[in-house]
Amino acid sequence: MRNAYFAVEGPHDVEVVGRVLVSFHGAKRIQQLHELDQFWRRLIPSSYPPDGDLLKRVPVPAFFRLENVSVAIHSAIGDSQLARTLVRTLQNIDYEELSAIAIFCDADANTASERYSSLMLQVKSEFSDINLTLEATAPGNVTPINDYLRFGIHVFPDNMKPGSLETLLMGCADISYPGLLTGARKYVDNVCSSYKTAWSSSGRPKAIVGCINNILRPGTANQVSIQHDQWICPATLATLSSLQRLNTFIMELLDLP
Amino acid sequence: MSHIDELTVRGFRNLHNLTLKNLGQFNLFVGTNNSGKTSVLEAISLYCQPLDIHKFVSVSRGREGNTSGRIPLVVSIPWMFPTSSTPSSEDTSKERIDICGLVKETNIRYIAQFSEVEIIDPLAGESHRGNRVSIQSAPGEAIKALKITLEYEESLGRLSDLGLTTTAEEFVISDYIKITQPAKKRIPSLLSVQLVTPIDHRTMPLSVRLLSNIISSGDKSKMLHLLKNFDRNIKGIEILSPDGRNPIPYFNHDKLGFAPISVFGDGLRRTITIAAALMQCRNGVLLIDELETAIHPQALEHVLTWLINACIQQRVQLFATTHSLETIDAVISVTKDKLDSLAAYRLDINNNRSTARRFSGIHLESIRNELGQDVR
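Source: prediction; values computed, not measured.

Student: So what about the overall build of chain B? Which residues, and what values?
Tutor: A count of helical and extended segments in chain B gives 10 helices and 15 strands. Taking all contacts inside chain B whose residues are at least 6 apart in sequence as the whole, residues at least 24 apart take part in 66%. Carbon and sulfur atoms make up 48% of the accessible area of chain B, which amounts to about 17100 Å² in all.

Written out as structure tokens, the structure reads:
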């Protein structure tokens, strides 16, 4: 069994990447601890609360098993924590036994190349005490680090343009839920601008995706809808280039047929 | 403040080519059973007093405690030497003990070798007592002994051959002859060192002299404050002699009056044992095997706060093993404003090769506190 470790920005990224593994590659999500490969046991938090903060999420990865690969997808709770979570976790596991390491992040207001460059600087600054150098040639490229290990950074929405995971999800909604997307756009765009003063560059797509989610799964978090509805599905994969890029990146990384 | 900055155990017991880089003032060792944690402490103990044959003998028997039925030295000592890394069924040859490191900008290398020899038993026919094993050898009969060579190389800087000086001592030892250190050749130890095992507080009598040192060092009030975490009724430590001849350490206790320390609980005795060891290794190295032994988790932070501060005051470099996450967390908590001084090493043995995964104090803190991951 090969092992792959993915660090992602947040819980929505966990579900999207996990859904790609499940829907397109037959992965099974591991729910019971006793089913988890021993290799990952150190990633199961043994203390609570994180940082003494009772309101923080338990920083446990989501685990998926494919035929020959076991994948851990770890949410860093924010882009500023991505490099830190990646390096600290690599330090604590037997990283020499990993066949793939990847980071999934948003370009936000930058281009993918700009985001990639700043993230690589953060990763390098975090490394110490580990005899491992991670280098990738460009966003979306999978680079062999040695005979066994592959590394890459995927920058949402498509490894090129500014945007975020929600930009990709809006593309999915345009195919699976075009009526809902139109309605959600209209609603969000007509909301008084005073409500939008604190929005980041990805505020609008996040709000639109949230509106659609609340129609599909009232009262649930976006993750539930991403898991169960038709955001990531054969129809969206067939049409949406940004989803195709994401799927290709994961396939190359995990050496999937 | 670190006396030993780097250490490579090329061979000692089950350790082969284990390198510990960037040692801090406070060093924790974690790892599964038989990963070599105790062996690392023993290796450091030998390394700090490289020509001390008594230290050598005591390390060979350290895991047995002061128990009766100890195995003979001619058996215990060879087990300190690493077995050839590629033994065949007929070849279990022993390699030399070889430890090198960087101590205050000086390269120090320690090598120990042994060979089996036969000597004429000097006590043949006599009644043997103490540590010696009962034998029935006839006058003039040869008995098994070990010829031990202890060697100490010193060179300046990181260039290993710069100003190299070598000192060596040779000893013949068996269970039947008194081991003596040649006084005229005695050299100062590299670093003062004390090793506290998980059983010392039960098997070693509390030394009156050491307790006197604690009392006279001016640390008595701090020590009392610490001991009150275990028993708030302790008012004082005193040396009394109820029979007028033998001085015995006592606690002055609110409810019990004067009571011998030896009748109190393990946590108290363990703490006093560690304190006594610390007093003996000022400007040196304190080695504690299983730091958490006998101390309740709720008392750990109090004890460790005192220990860390005492190590800073006494300029002591601490090396400790632990199996306990609570202990790791308590060490992180009490060193939170000096995490640069903390390092942790997870030991493992793969394919007969020892490995150490290093965690800086800052990384250890975030792995435990932010990610909640187990580092053992």
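Student: So what about the packing of helix H6 (residues 220-227) of chain B against helix H7 (residues 266-280) of chain B? Which residues, and what values?
Tutor: All names here are of chain B. Where H6 contacts H7, the two axes come as close as 11 Å, and the packing angle between them is 155°. Considering the angle they form, H6 stands roughly antiparallel to H7. H6 and H7 meet at a crossing whose hand is right-handed. Between H6 and H7, the contacting residues are Met223, Leu226 and Leu227 on the first element and Leu268, Thr271, Ile272 and Ala275 on the second. Looking at the contact of H6 with H7 residue by residue, the classes come out as six nonpolar, one polar and no charged.

Student: An account of the pairing of strand S3 (residues 62-65) of chain A is needed here, citing residue identities and associated values.
Tutor: One face of the sheet, then the other: side chains in a regular strand alternate in exactly this way. All names here are of chain A. Two strands pair when backbone bridges link them, and strand S2 (residues 28-30) and S3 are joined in this way by three bridges, in the antiparallel orientation. In the sheet register, Ile30 faces S3, and the bridge partner there is Phe63. The pairing of S3 with strand S4 (residues 69-75) spans four bridges and is classified as antiparallel. Bridged to Ala62 within S4 is Ile73. Adjacent in sequence and paired antiparallel, S3 and S4 are bridged by three residues.

Student: Describe in detail the sheet that holds S2 of chain A, supporting the description with residues and values.
Tutor: All names here are of chain A. What the seven strands build is an open sheet, ordered S2-S3-S4-S1-S5-S7-S6; its pairing is mixed. Two strands in the sheet have a free side with no partner beyond their single neighbour: S2 and strand S6 (143-144). Packing against the sheet, helix H1 (residues 11-25) makes contact with strand S1 (2-8), S2, S3, S4, strand S5 (98-106) and strand S7 (150-156), and its axis sits at approximately 160° to S4.

Student: Pulling in residues and values, what's your account of the side chain of Asn252 of chain B?
Tutor: Among the secondary structure elements, Asn252 of chain B is positioned in strand S10 (residues 248-253). Apart from the residues lying within four places of it in its own chain, the contact partners of Asn252 of chain B are Asn233, Ile234, Lys235, Gly236, Gly257 and Phe258 of chain B.

Student: Account for the packing of aromatic side chains, naming residues and giving values.
Tutor: All names here are of chain A. With the rule as written, the count across this model stands at 11 aromatic pairs over all chains. Centroid distance Phe104 to Phe249: 5.5 Å. Interplanar angle 85°. Geometry classified as edge-to-face. A residue pair is termed long-range when its members are at least 10 positions apart, and Phe104 in strand S5 and Phe249 in helix H9 (residues 241-254) qualify at 145 residues. Like Phe104, the residue Phe249 is buried in the burial classification. Taken together, the aromatic side chains of Phe6, Phe104, Phe156 and Phe249 make up a single cluster linked through ring pairs.

Student: Quick one: what's the story with the packing of helix H4 (residues 165-176) of chain A against helix H6 (residues 203-216) of chain A, residue by residue and with numbers?
Tutor: The relative placement of two packed helices is expressed as an angle between their axes plus a distance between the axes. Residues and elements named next belong to chain A. Remark: H4 packs on H6, axes separated minimally by 9 Å, with the N-to-C direction vectors making an angle of 45°. Classified by the interaxial angle, the pair formed by H4 and H6 is oblique. Relative to H6, H4 is oriented so that their crossing is left-handed. On the side of H4, the interface is formed by Glu166, Thr167, Leu169, Met170 and Ala173, while H6 contributes Arg204, Pro205, Lys206, Ile208, Val209 and Ile212.

Student: Lay out the nonpolar core in plain terms, naming residues and giving numbers.
Tutor: All names here are of chain B. If you look at the biggest cluster of nonpolar residues, it comprises 51 residues, and the most contacted ones within it are Phe251, Leu286, Ile288, Trp306 and Leu307. Per-element tally for this core: the top contributor is helix H8 (residues 297-313), with nine residues. Those residues in contact with Ile288 that lie beyond four places of it in its chain are Leu41, Val196, Arg270, Ile274, Leu307, Leu318, Phe319, Ala320 and Thr321. Among the nonpolar cores identified, the runner-up in size contains 47 residues, and Leu18, Phe29, Ile108 and Val285 belong to it.

Student: Run through the pairing of strand S1 (residues 4-12) of chain B, naming residues and quoting values.
Tutor: Residues and elements named next belong to chain B. In this structure, S1 lies alongside strand S4 (residues 97-103), joined through six bridges in antiparallel fashion. What sits directly across from Glu6, in S4, is Leu102. Across five bridges, S1 lies against strand S2 (residues 15-20) in antiparallel orientation. Looking at the pairing, Val9 lines up with Leu18 of S2. Two successive antiparallel strands, S1 and S2, enclose a turn made up of two residues, where Arg13 displays a positive phi of approximately 45°.

Student: Explain the side chain of Ser76 of chain B to me, and be specific about the residues and the numbers.
Tutor: All names here are of chain B. Residue placement: Ser76 occurs in helix H3 (residues 73-76). Judged by relative accessible area, which is 2%, Ser76 ranks as buried. One polar contact links Ser76 to Ser60, side chain to side chain, over a distance of 3.2 Å. Leaving out residues up to four positions away in the same chain, Ser76 has contacts with Ser60, Arg61 and Ile71.

Student: Residues and numbers for unusual backbone geometry, please.
Tutor: A cis geometry characterises the amide bond from Tyr48 of chain A onward to Pro49 of chain A, with omega recorded as -5°. Note on placement: Pro49 of chain A falls in the loop between S2 and S3. Cis peptide bonds are those with omega within 30 degrees of zero, and the linkage from Phe156 of chain A to Pro157 of chain A qualifies with 10°. For Arg13 of chain B, which is not glycine, the phi torsion reads 45° and is therefore positive. For Arg13 of chain B, a relative accessible area of 15% corresponds to the buried category. Backbone geometry at Asn17 of chain B places phi at a positive 55°, although glycine is not the residue there. Position of Asn17 of chain B among the secondary structure elements: in strand S2.

Student: Hey, could you go over H4 of chain A for me, with residue numbers and the actual values?
Tutor: With 12 residues, H4 of chain A ought to run about 16 Å at 1.5 Å a step, and its terminal C-alpha atoms sit 17 Å apart, in line with that. Turning to H4 of chain A, its buried residues number three or more, namely Leu165, Glu166, Leu168, Leu169, Met170, Gly171, Cys172 and Ala173 of chain A.

Student: Just give me the short version of the interface of chain B and chain A, but keep the residues and values in it.
Tutor: Opposite the 20 residues of chain B that make contact, chain A presents 25 residues. Overall, the association of chain B and chain A removes approximately 1800 Å² of surface from exposure, summing both partners, and the carbon and sulfur fraction of that is 36%. Of all residues in chain B, the largest losses of buried area upon contact with chain A belong to Arg357, His363 and Leu371 of chain B, amounting jointly to 33% of the total for that side. On inspection of chain B and its partner chain A, the count reaches two salt bridges. A salt bridge links Glu96 of chain A to Arg357 of chain B; the nearest nitrogen and oxygen atoms lie 3.2 Å apart. In this structure, the connection of chain B to chain A is made through 17 residue pairs in polar contact (both at pLDDT 80 or more). At the level of elements, strand S15 (353-360) and helix H10 (361-369) of chain B are the ones that each hand at least two residues to the side of chain B that touches chain A. Among the elements that take part in the side of chain B that touches chain A, H10 of chain B stands out by supplying six residues, more than any other.

Conventions used here
- Each chain carries its own residue numbering, running from 1 in the written order of its sequence.
- Starting at A for chains and at 1 for ligands, labels are handed out in the order in which the entities are written.
- In keeping with the model being predicted, local features are shown solely for residues with a pLDDT of at least 70 and side-chain atom pairs are shown and tallied solely at 80 or more, while totals for entire chains, interfaces and linings include all residues.
- Excluded from the side-chain calculation are hydrogens and water; included are all heavy atoms of the structure.
- Under the DSSP-based scheme used, a helix requires at least four consecutive residues in state H or I and a strand at least two consecutive residues in state E, with every element numbered from the N terminus.
- Whether two residues are in contact is decided by their heavy atoms, any of which lying within 4.5 Å being enough.
- Here the open area of atoms and residues is found with the Shrake-Rupley method and a 1.4 Å probe, where only the protein chains shown may cover a residue.
- Fitted lines through C-alpha atoms serve as axes, helices being fitted only where they are in contact, and the angles separating the N-to-C directions of these axes extend from 0 to 180 degrees.
- An angle counts as roughly parallel when it lies under 35 degrees, as roughly antiparallel when it exceeds 145, as roughly perpendicular when it falls between 65 and 115, and as oblique in every other case.
- By convention the crossing between two helices is left-handed if the near helix lies anticlockwise of the far one by an angle smaller than a right angle, and right-handed if it lies clockwise.
- Gly is placed with the polar residues, together with every amino acid not listed as nonpolar (Ala, Val, Leu, Ile, Met, Phe, Trp, Tyr, Cys and Pro) or charged (Asp, Glu, Lys and Arg).
- The criterion for strand pairing is that DSSP finds at least two bridges linking the strands in question.
- Whether two aromatic rings pair depends on their centres lying within 6.5 Å, for rings of Phe, Tyr and Trp, where Trp uses its six-membered ring; planes under 30 degrees apart make the pair stacked, over 60 edge-to-face, and the rest tilted.
- The cut-offs for exposure are 20% and 50% of the maximum accessible area for each residue type, with area from a 1.4 Å probe on protein chains only; residues under the lower value are buried, those over the upper are exposed, and the others partly exposed.
- We define a nonpolar core as any set of buried Ala, Val, Leu, Ile, Met, Phe, Trp, Tyr and Cys residues linked to one another through side-chain atoms lying within 4.5 Å.
- Definition of a polar contact: a pair of N or O atoms within 3.5 Å, with one able to donate and the other able to accept a hydrogen when the atoms are protein atoms, and with sequence-neighbouring residues admitted only if both atoms are side-chain atoms.
- Between the first and last residue of a helix there are one fewer steps than residues, each counted as 1.5 Å, and that sum is the expected span.
- Defined here as a combined quantity, buried area equals the accessible surface (1.4 Å probe) lost by two parts on assembly, summed across both.
- Salt bridges are defined as contacts in which a side-chain nitrogen from Lys or Arg sits within 4 Å of a carboxyl oxygen from Asp or Glu.

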